[in-house]
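# Coordinate inspection notes
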Amino acid sequence: MTDRPFYERWFIAVFEPQPIVRLELVRILAPLAILAFLSSRLIHPDDWLSSAGFRLPALEGDWRQPLSLPPIPSAAAWGVAIVLALSGLATAAGALTRWASPVFAALLAYVTLADRLEAFTVSKLGTVIAIALAVSPCGFRISVDGWRRRRRDKTYVAPELCSGGSVRFFQLMLPVFYFSSGLCKASGDWLHDPLVLWSHVHDSYQTSIAWFAANHLTAWMWTAMQYTALVFEIGAPIWFGLPWTRKYALVYGIAMHTLIGLMFGPVLWFALLMISLLVASYGPIGRLRRLP
């Protein structure tokens with residue numbers, strides 16, 4: 001191994017088989033967080049996707065709307081909502097995963113493009129996650145499919161490993177996502193105004209916890225949290241890339257998203273989605289392997 005060229009050793013380290021339990025945790029947790037975010041829309045699909053509700057006008061030839069999808073009949077909207085919910089739940093349960101996950105990914109992509117007014121981070125990121133799951137070998141462990149295989153064949157043993165790219169995708173996506181977010185913050189006011197974070201908790205998403213924190217934490221605490229978050233996000237490729245800083249980055253990321261979920265009401269589902277991805281991608285593998 002030591003006689004191999006550096007680039008070859010790097011390639012092997014990146015693409016070598018990875019514990020499949022990481023992939024399965026994404027399969028279980030991510031669809032549930034995405035569906036929870038969409039739940040308020042799923043119960044009113046006619047207002048959401050059909051001409052019965054408010055629709056933004058098509059901007060023909062405008063770069064801000066590269067694709068305009070027309071509204072669908074109310075009955076079709078209900079069908080989309082029901083199949084979206086069922087396919088998402090089936091993916092999370094690992095039931096008919098090879099069929100459910102592509103359907104879930106396709107419908108997520110559709111509703112995200114069809115409702116560009118409310119296509120928030122969870123919608124867009126969730127679509128990417130669903131597509132990645134649909135083309136991955138998930139559904140073998142902690143799943144209904146795995147249970148059915150064991151019922152049919154008593155000698156069946158679920159695989160411990162999967163193709164490295166299926167797991168590495170999520171492990172690389174997180175640092176890139178954080179770095180992009182940090183770069184946008186640094187390009188805005190986060191480096192110039194020490195109270196940007198404090199101003200955010202006064203928006204319409206404010207919770208009682210946010211109200212309490214805004215009135216009782218001193219100004220320097222908000223500034224410290226603001227710059228710490230900025231350092232974490234911009235340096236995410238380093239913090240998650242180096243083995244000796246990875247566990248600290250994991251703990252900080254979970255703590256940061258926990259606070260985000262507690263202080264910004266509707267952003268709770270985004271926080272849960274990110275915590276799920278963090279734990280699945282970087283959680284201690286010794287403990288994760290104890291899962292069935």
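Presented here is an overview of the structure given in this document. (Residues numbered from 1 in each chain as written. Predicted model: local features only at pLDDT ≥ 70, side-chain atom pairs only at ≥ 80, totals over all residues. Heavy atoms only, no water.)

### Describing the packing of aromatic side chains
Condition: Note on ring pairs: Phe, Tyr and Trp rings are taken, using the six-membered ring of Trp, and paired if centres are within 6.5 Å. Classes follow the plane angle, with under 30 degrees stacked, over 60 edge-to-face and the rest tilted. Strands here mean DSSP runs of E at least two residues long; helices mean DSSP runs of H or I at least four residues long; both are numbered from the N terminus. Each residue gets one of three labels from its accessible area relative to the maximum for its type: buried under 20%, exposed over 50%, partly exposed in between, using a 1.4 Å probe on protein chains only.
In total, this model carries 8 aromatic pairs according to the counting rule given. Taken together, a centroid distance of 6.4 Å and an interplanar angle of 45 degrees make the contact between Phe 177 and Phe 270 tilted. Linking Phe 177 in helix α8 (residues 164–187) with Phe 270 in helix α14 (residues 268–282), this pair joins segments that are 93 residues apart in sequence. Relative accessible area serves as the criterion here: at 26%, Phe 177 is assigned to the partly exposed category. For Phe 270, a relative accessible area of 15% translates into the label buried.

### Section: the packing of α8 against α14
Rules: Lines fitted to the C-alpha atoms define the axes, with helices restricted to the stretch that makes contact. Angles between their N-to-C directions range from 0 to 180 degrees. Any angle between 65 and 115 degrees counts as roughly perpendicular, while under 35 counts as roughly parallel, over 145 as roughly antiparallel, and the rest as oblique. Note: crossing handedness is left-handed where the near helix turns anticlockwise from the far helix by less than a right angle, and right-handed where it turns clockwise. Here, two residues are considered to be in contact whenever any of their heavy atoms come within 4.5 Å of each other. Put simply, Ala, Val, Leu, Ile, Met, Phe, Trp, Tyr, Cys and Pro go in the nonpolar bin, Asp, Glu, Lys and Arg in the charged bin, and everything else, Gly too, in the polar bin.
At a minimum axis separation of 9 Å, α8 and α14 run at an interaxial angle of 130 degrees. The angle between α8 and α14 places the two elements in the oblique class. Where α8 crosses over α14, the handedness of that crossing is left-handed. On α14, the residues touching Phe 170, Gln 171, Leu 172, Met 173, Leu 174, Pro 175, Phe 177 and Tyr 178 of α8 are Phe 270, Met 274, Leu 277, Leu 278, Ser 281 and Tyr 282. Of the residues in the contact of α8 with α14, the class split is 12 nonpolar, 2 polar and no charged.

### Here's the deal with the state of the cysteines
Rules: Criterion for a disulfide: a pair of cysteine sulfur atoms at a distance within 2.5 Å.
Within this structure, the stated rule accounts for 0 disulfides. Considering cysteine sulfurs only, Cys 162 is the nearest to Cys 138, which forms no disulfide, with 9.4 Å between them. Taking relative accessible area as the criterion, Cys 138 reaches 3% and is therefore assigned buried. The exposure class of Cys 162 is buried, given its relative accessible area of 7%.

### Quick notes on the environment of Pro 70
You can see Pro 70 is positioned in the loop between α3 (45–49) and α4 (74–93). Among the residues examined, Pro 70 registers a relative accessible area of 56% and is labelled exposed. Distance in space between the C-alpha atoms of Pro 70 and Arg 27 is 31 Å, their sequence separation being 43 residues. Among residues more than four places away in sequence, those in contact with Pro 70 are Arg 55 and Tyr 110.

### Points about the nonpolar core
Quick note on the threshold: Joining through side-chain atoms within 4.5 Å is the link that ties buried Ala, Val, Leu, Ile, Met, Phe, Trp, Tyr and Cys residues into a set, and such a set is a nonpolar core.
Core analysis: the biggest nonpolar cluster contains 68 residues, and Leu 49, Leu 84, Ile 129, Phe 170, Tyr 178, Leu 273 and Leu 277 have the highest contact counts within it. Considering every element that reaches this core, the biggest residue donor is helix α2 (residues 20–42), with 12 residues. Residues contacting Leu 84, with those up to four places away along its chain left out, are Leu 35, Leu 38, Leu 42, Trp 48, Phe 104, Leu 107, Leu 108 and Val 111.

### Considerations on the pattern of salt bridges
Let me state the cut-off plainly: Salt bridges are defined as contacts in which a side-chain nitrogen from Lys or Arg sits within 4 Å of a carboxyl oxygen from Asp or Glu.
In total, this model carries 4 salt bridges according to the counting rule given. Here Glu 160 and Arg 141 are joined by a salt bridge, their closest N and O atoms 3.6 Å apart. On the criterion of sequence distance, the pair formed by Glu 160 in the loop between α7 (144–152) and β2 (161–162) and Arg 141 in the loop between α6 (121–134) and α7 is long-range, its members being 19 residues apart. Note that Arg 148 and Asp 145 form a salt bridge whose closest N and O atoms lie 3.7 Å from each other. Residue Arg 148 and its partner Asp 145 are located together in helix α7, separated by 3 residues, close to a single helical turn. Taking the relative accessible area as the measure of exposure, Arg 148 reaches 35% and is therefore partly exposed. A relative accessible area of 9% places Asp 145 in the buried class.

### A short note on the side chain of Thr 245
The line we're drawing: Definition of a polar contact: a pair of N or O atoms within 3.5 Å, with one able to donate and the other able to accept a hydrogen when the atoms are protein atoms, and with sequence-neighbouring residues admitted only if both atoms are side-chain atoms.
Locating Thr 245 in the fold gives a position in helix α13 (residues 243–263). Thr 245 gets classed as buried once you look at its relative accessible area, which sits at 17%. Within the structure, the side chain of Thr 245 is placed 2.7 Å from the backbone oxygen of Trp 239, a separation counted as a polar contact. Once you skip the residues sitting within four places of it in the chain, Thr 245 turns out to touch Ile 238 and Trp 239.

### Overview of helix α5 (residues 97–114)
Applied cut-off: Take the number of residues in a helix, subtract one, and multiply by 1.5 Å to get its expected span.
In this model, α5 (18 residues) spans 25 Å end to end at C-alpha, consistent with the 26 Å of a helix rising 1.5 Å per residue. Taken together, the buried residues of α5 touch α2, α3, α4, α6 and α7.

### Thoughts on helix α10 (residues 208–216)
Our working definition: Here, the arc refers to the directions that run from the helix axis to the C-beta atoms.
Taken residue by residue, α10 has Ala 210, Ala 213 and Ala 214 as its buried positions. The buried residues of α10 occupy one face: seen down the axis, they fall within an arc of 100 degrees. Exposed positions of α10 whose direction lies more than 90 degrees from the buried face are Ser 208 and His 216. Where the residues of α10 are buried, they touch α9 (196–200), α11 (219–234) and α13.

### A short note on the environment of Ala 75
When you line up the elements, Ala 75 lands in helix α4. Under the relative-accessibility criterion, Ala 75 is labelled exposed at 64%. Taking the C-alpha atoms as reference points, Ala 75 and Val 267, 192 residues apart in sequence, are found 30 Å from one another.

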